[in-house]
Amino acid sequence: MAKDAYLVGLIGSGIGPSLTPALHEREADRQGLRYLYRLIDIDALGVPPEAVGDLLRAARDLGFDGLNITHPCKQLVIGHLDALDPQAEALGAVNTVVLEDGRATGHNTDVTGFAASFARGLPDVSLERVVQLGAGGAGAAVAHALLTLGAERITLVDARPERAAALADALTPHFGAARVAAAAPDVLPALTGAADGIVHATPTGMAAHPGLPLPARLLHPGLWVADVVYRPLETALLRTARALGCPVLDGGGMAALQAVDAFRLITGREPDADRMLADLGELAGAVTAPK
């Protein structure tokens, strides 16, 4: 028998501005469900990211039905799960945990969320040469999504070069060595000068991490720019790129569409994707419209 009440949480750092709870709760209200969504902020709790295992264990004990996992815990949580779906296993990152029958199963809805948002918002751009900033949990999902969408070559750049190299190595068996590479931050000027587009997949630009993820002088009108940050929707990166005439994609579509898939996994019910996109627009300002 289907349940009609759910207890769900979000584990991460600096998540106070997150709109995910409202997205889930609004859809649940429309479906006649009692749905309590709680923030579990490691900063507010004063614990390190490595405490995600303890928080997961506590959520199980308290009867939670599911968890969303965000920065910086998407990779650290894996060692504390009972099972992974194939996509999350391939990515080495989890953003949704379903707690059912005493088991914790990890999933990744960032991939499908970003792919669907990109297809809606930047359908006609060139994917020949893409530079991606960030190779953490969100970066793994975004790179996987772009390669699945047909990106010919992605160059990964991270403040920790070894992390970019590790992600490139993980993607190569699935997509081939010719389509993915890692590079150090000091070669960004040459990379961006020759690129068709830039994808930003680090926390920079979030309410808790303001600023630009690269020098503004490296942006130019020949680039499209996509950001995974959605709070705020208009990041400094997108504002700067838009002023140059670059086609841009904010993180709102990814945020709403990954929440669609997470809601389905946790409840087993079919959410209304268009309605949840509209919710995101109401909550955070207009999501970049399909072109």
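Now for a look at the structure at hand. Just so we're clear, the structure is a prediction, and the values are computed from it rather than from any experiment. (Residues numbered from 1 in each chain as written. Predicted model: local features only at pLDDT ≥ 70, side-chain atom pairs only at ≥ 80, totals over all residues. Heavy atoms only, no water.)

So, on to the overall build of the protein chain. For the protein chain, the count of helices and strands is eleven helices and twelve strands. Taken over C-alpha atoms, the radius of gyration comes to 18 Å for the protein chain, in line with the 19 Å a tight globule of 291 residues would show. Here the C-alpha coordinates of the protein chain stretch approximately 55 × 35 × 35 Å along the principal axes. The buried share of the protein chain, reckoned over its 291 residues, is 52%. In the protein chain, the share of contacts with a sequence separation of at least 24, taken over all contacts with a separation of at least 6, comes to 70%. Carbon and sulfur atoms make up 55% of the accessible area of the protein chain, which amounts to about 12000 Å² in all. Averaging the positions of the 23 positive and the 33 negative side-chain charges in the protein chain gives two centres separated by 3 Å. (Helix = DSSP H or I, 4+ residues; strand = E, 2+ residues; numbered from the N terminus. Rg over C-alpha atoms; globule rule 2.2 N^0.38 Å. Buried < 20%, exposed > 50% of the residue type's maximum accessible area, 1.4 Å probe, protein only. Contact = heavy atoms within 4.5 Å. Areas by Shrake-Rupley, 256 points an atom, 1.4 Å probe, with all protein chains shown as cover. Lys, Arg positive; Asp, Glu negative; His and termini not counted. Charge placed at Lys NZ, Arg CZ, Asp CG, Glu CD.)

As a further point, take the nonpolar core. Membership of the largest hydrophobic core comes to 32 residues, with the highest contact counts inside it found for F114, F118, L146, L156, L171, V199 and W224. Of all elements in the fold, only α5 (110–121), α6 (137–149), β8 (154–157), α7 (161–175) and β11 (224–227) reach the threshold of two or more residues within this core. At seven residues, α6 tops the list of elements feeding residues into this core. Of all hydrophobic cores here, the second largest spans 18 residues; its members include I11, L56, F64 and A88. (Core = buried A, V, L, I, M, F, W, Y, C linked by side-chain atoms within 4.5 Å.)

On to the side chain of D261, then. Here D261 lies in helix α10 (residues 252–267). Polar side-chain contacts of D261 include one of 2.6 Å to the side chain of T112. Sequence-distant contacts of D261, that is, excluding residues within four places in its chain, are made with T109 and T112. (Polar contact = N/O pair within 3.5 Å; in protein donor to acceptor, adjacent residues only side chain to side chain.)

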